[in-house]
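Below are the chains, spelled out letter by letter.
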Number of protein chains: 2
Amino acid sequence: MNELSSTDATRLHRHPERGLADRAALHALLDEGLVAHVGFAQHGRPFVLPMAYARVGDTLYLHGAKASRLQQHLAAGEPVCVTVTLLDGLVFAKSAFHHSMNYRSAVVLGRGRAVTELREKRRAFEALVEQVSPGRWAACRSMTDAEANATAVVALSLAEASVKQRAGGPVDLAEDLPWPAWSGVVPLRLVAQAPVAAQGLPEDAPVPAPRRW
Amino acid sequence: MNELSSTDATRLHRHPERGLADRAALHALLDEGLVAHVGFAQHGRPFVLPMAYARVGDTLYLHGAKASRLQQHLAAGEPVCVTVTLLDGLVFAKSAFHHSMNYRSAVVLGRGRAVTELREKRRAFEALVEQVSPGRWAACRSMTDAEANATAVVALSLAEASVKQRAGGPVDLAEDLPWPAWSGVVPLRLVAQAPVAAQGLPEDAPVPAPRRW
């Protein structure tokens, strides 16, 4: 399982040279991201909603209120597409045409599996909290069974997935190079700003560790 | 057209109090974002791909290589869902259960319209470049007709759309407040890092103006 599967659906047609074939790249990208865009079709119409997620091995976990239509749809095993995109930079070329963006993007295809066993559910919740801040699970008040039962968790296998990235500078035509406009890359990063503590917090409470920002 | 339409498909079922009903909020969110997640269904299977986009009035423009399957699908007028999400912060609560994220998210539903008229196409390209950096369109080498013709542009009306956001601090249960863990919000922002100029660039070439990062 070190190579990503290449199925008809995950094979890259545009810019195949941007594809990354190893599973480690998929894992690293998913571990760095915080928000997934989850796509599903109802009556032939597509819907895309942002969701938090977490990865455990080769399984992706999504969670939401049990009563949510999306959760019920995912839990029913309907086809789903989960896409996670990290925007790495803006690529300024000499010509309008060659402007681009640097990014890494993972597309996971599959069918959801409703997680009903409480132990797996708790492991998913732990991963969801740890995805945001390592060590946080141990620091906060853990979940009651009632809370765990109120929340739907859906698992998605990473078996069918692709990873695509663009990196590096602009690709300009030789005849455009003398053009005076600046060209190059403006890297972008998601950066944590000063934390805003909740009211009434003890002064010495340590701020959670950021990992990916 | 100051109020967002509320159709069966865009009505918020979960957390309706997080909905924003005015069109100005939709425009502001779309103008701030850089990447859209575009969902479409083929043979009942959903696919979600990241794309650059731009807004002109109440029209969203997407572009891509003319030969791309996605562009052909969008241009054919199949149903599409375009979602733009801005991650504003991580919400740390006393309990694992009440952790959350602050975000703004727009969901646009509709059917694509292939843009074939060269003038509208050029206006879309200008908007796509200006979305990234205001003033850039005038600074770089403009598009030739051949370049414009090689690129497919699809327009999507903003008529059917919803905006959702979560803002503010954690919502903790009263009995959890004495728990010692830090609680509050860690705001997140997409921030430009030091620009990396392309090789051979004149020293005095001014770096493009950032707007939204």
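Note that the structure is a prediction, hence the values are computed from the model and not measured.

A look at the overall build of chain A
Argument step 1. Looking only at helices and strands, one finds five helices and 11 strands in chain A.
Argument step 2. Dimensions of chain A along its principal axes, counting C-alpha atoms only, are 65 × 50 × 35 Å.
Argument step 3. Sorting the 213 residues of chain A into buried and exposed places 53% on the buried side.
Argument step 4. Residue pairs at least 24 apart in sequence account for 70% of intrachain contacts in chain A once pairs closer than 6 positions are excluded.
Argument step 5. Taken as a whole, chain A presents about 9400 Å² of accessible surface, with 54% of it coming from carbon and sulfur.
Argument step 6. Within chain A, the 21 negative side-chain charges are centred at a point lying 4 Å from the centre of the 23 positive side-chain charges.

With respect to the interface of chain A and chain B
Argument step 1. At the junction of the two partners, chain A supplies 83 residues and chain B supplies 83 residues.
Argument step 2. On inspection of chain A and its partner chain B, the count reaches four salt bridges.
Argument step 3. One salt bridge connects Arg141 of chain A with Asp176 of chain B, and the closest N-O pair in it is separated by 2.6 Å.
Argument step 4. There are 27 residue pairs in polar contact (both at pLDDT 80 or more) connecting chain A and chain B.
Argument step 5. Elements supplying a minimum of two residues to the side of chain A that touches chain B: strand 2 (35-42), strand 3 (45-56), strand 5 (79-92), strand 6 (100-111), helix 3 (118-132), helix 4 (136-139), strand 10 (184-192) and strand 11 (196-197) of chain A.
Argument step 6. Per element, the largest residue contribution to the side of chain A that touches chain B is nine residues, and it comes from strand 10 of chain A.
Argument step 7. In this sheet, strand 11 (residues 196-197) of chain B lies alongside strand 10 of chain A in antiparallel orientation, the contact comprising two bridges. Of the residues in strand 11 of chain B, the one forming a bridge with Val185 of chain A is Val196 of chain B.

Quick look at the relation of the copies chain A and chain B
Argument step 1. Aligned on chain B, chain A shows an RMSD of 0.0 Å; the corresponding rotation is 180° and the shift along the axis is 0.0 Å. Within this description, the copies of the chain are treated as partners about a two-fold rotation axis. Relative to the rotation axis, the C-alpha of Leu190 of chain A is the closest in chain A, positioned 2.1 Å from it.
Argument step 2. Mapped onto chain B, 100% of the interface residues of chain A are again interface residues, and the two copies thus contact each other with one and the same surface.

Thoughts on unusual backbone geometry
Residues and elements named next belong to chain A.
Argument step 1. In the Ramachandran plot, His43 falls in the positive-phi region, its phi being about 50° despite a non-glycine side chain.
Argument step 2. By the element assignment, His43 lies in the loop between strand 2 and strand 3.
Argument step 3. Judged by its relative accessible area of 84%, His43 is exposed.

Some remarks on the nonpolar core
Argument step 1. Val82 of chain A together with Val82 of chain B are the most contacted members of the largest nonpolar core, which totals 58 residues.
Argument step 2. Leave out the neighbours within four places in its chain, and Val82 of chain A touches Ala36, His37, Val38, Leu60, Leu62, Ala106, Val107, Val108 and Leu156 of chain A.

Here we look at the confidence of the model for chain A
Any segment with low pLDDT has predicted coordinates that should not be analysed in fine detail.
Argument step 1. When pLDDT is averaged across chain A, the result is 90; 97% of the residues are at 70 or more.
Argument step 2. The complex prediction reports pTM at 0.93, with the ipTM value standing at 0.93.

Here we look at the packing of aromatic side chains
Residue and element names in this part refer to chain B.
Argument step 1. Tallying each qualifying case throughout the model produces four aromatic pairs over all chains.
Argument step 2. A ring pair is formed by Phe40 and Phe47, whose centres lie 5.7 Å apart and whose planes are at 25°; its orientation type is stacked. Summarising the burial analysis for this pair, Phe40 and Phe47 share the class buried.

Here's the deal with the side chain of Ser105 of chain B
Argument step 1. Structurally, the position occupied by Ser105 of chain B is in strand 6 (residues 100-111).
Argument step 2. A relative accessible area of 4% means that Ser105 of chain B is categorised as buried.
Argument step 3. In this structure, Ser105 of chain B is in contact with Pro50 of chain A together with Leu29, Thr83, Val84, Thr85, Ser162, Val163 and Lys164 of chain B, ignoring residues within four places of it in sequence.

Details of the pairing of strand 5 of chain A
Residues and elements named next belong to chain A.
Argument step 1. Counting buried positions along strand 5 yields 13 of 14 residues, so the element is predominantly enclosed.
Argument step 2. Bridge count for strand 5 against strand 6 is 12 bridges, and the pairing is antiparallel. Bridging from a neighbouring strand, Val82 pairs with Val108 of strand 6.
Argument step 3. Both strand 5 and strand 10 contribute to a ladder of four bridges, which runs antiparallel. Considered in strand 10, the bridge of Gly89 is made with Pro187.

Quick word on the pairing of strand 4 (residues 59-65) of chain B
Residues and elements named next belong to chain B.
Argument step 1. In terms of burial, strand 4 is largely enclosed, as five of its seven residues are buried.
Argument step 2. In this sheet, strand 4 lies alongside strand 3 (residues 45-56) in antiparallel orientation, the contact comprising four bridges. Residue pairing for strand 4: Val56 is matched across the bridge by Thr59.
Argument step 3. The hairpin turn running from strand 3 into strand 4, its antiparallel successor, is two residues long, and Gly57 in that turn takes a positive phi close to 60°.

Cut-off values and rules
- Residues numbered from 1 in each chain as written.
- Chains lettered and ligands numbered in written order.
- Predicted model: local features only at pLDDT ≥ 70, side-chain atom pairs only at ≥ 80, totals over all residues.
- Heavy atoms only, no water.
- Helix = DSSP H or I, 4+ residues; strand = E, 2+ residues; numbered from the N terminus.
- Buried < 20%, exposed > 50% of the residue type's maximum accessible area, 1.4 Å probe, protein only.
- Contact = heavy atoms within 4.5 Å.
- Areas by Shrake-Rupley, 256 points an atom, 1.4 Å probe, with all protein chains shown as cover.
- Lys, Arg positive; Asp, Glu negative; His and termini not counted.
- Charge placed at Lys NZ, Arg CZ, Asp CG, Glu CD.
- Salt bridge = Lys/Arg side-chain N within 4 Å of Asp/Glu carboxyl O.
- Polar contact = N/O pair within 3.5 Å; in protein donor to acceptor, adjacent residues only side chain to side chain.
- Pairing = 2+ DSSP bridges.
- Least-squares fit on C-alpha atoms with pLDDT ≥ 70 in both.
- Core = buried A, V, L, I, M, F, W, Y, C linked by side-chain atoms within 4.5 Å.
- pLDDT = per-residue confidence, 0-100.
- Phe/Tyr/Trp six-rings, centres within 6.5 Å; stacked < 30°, edge-to-face > 60°.

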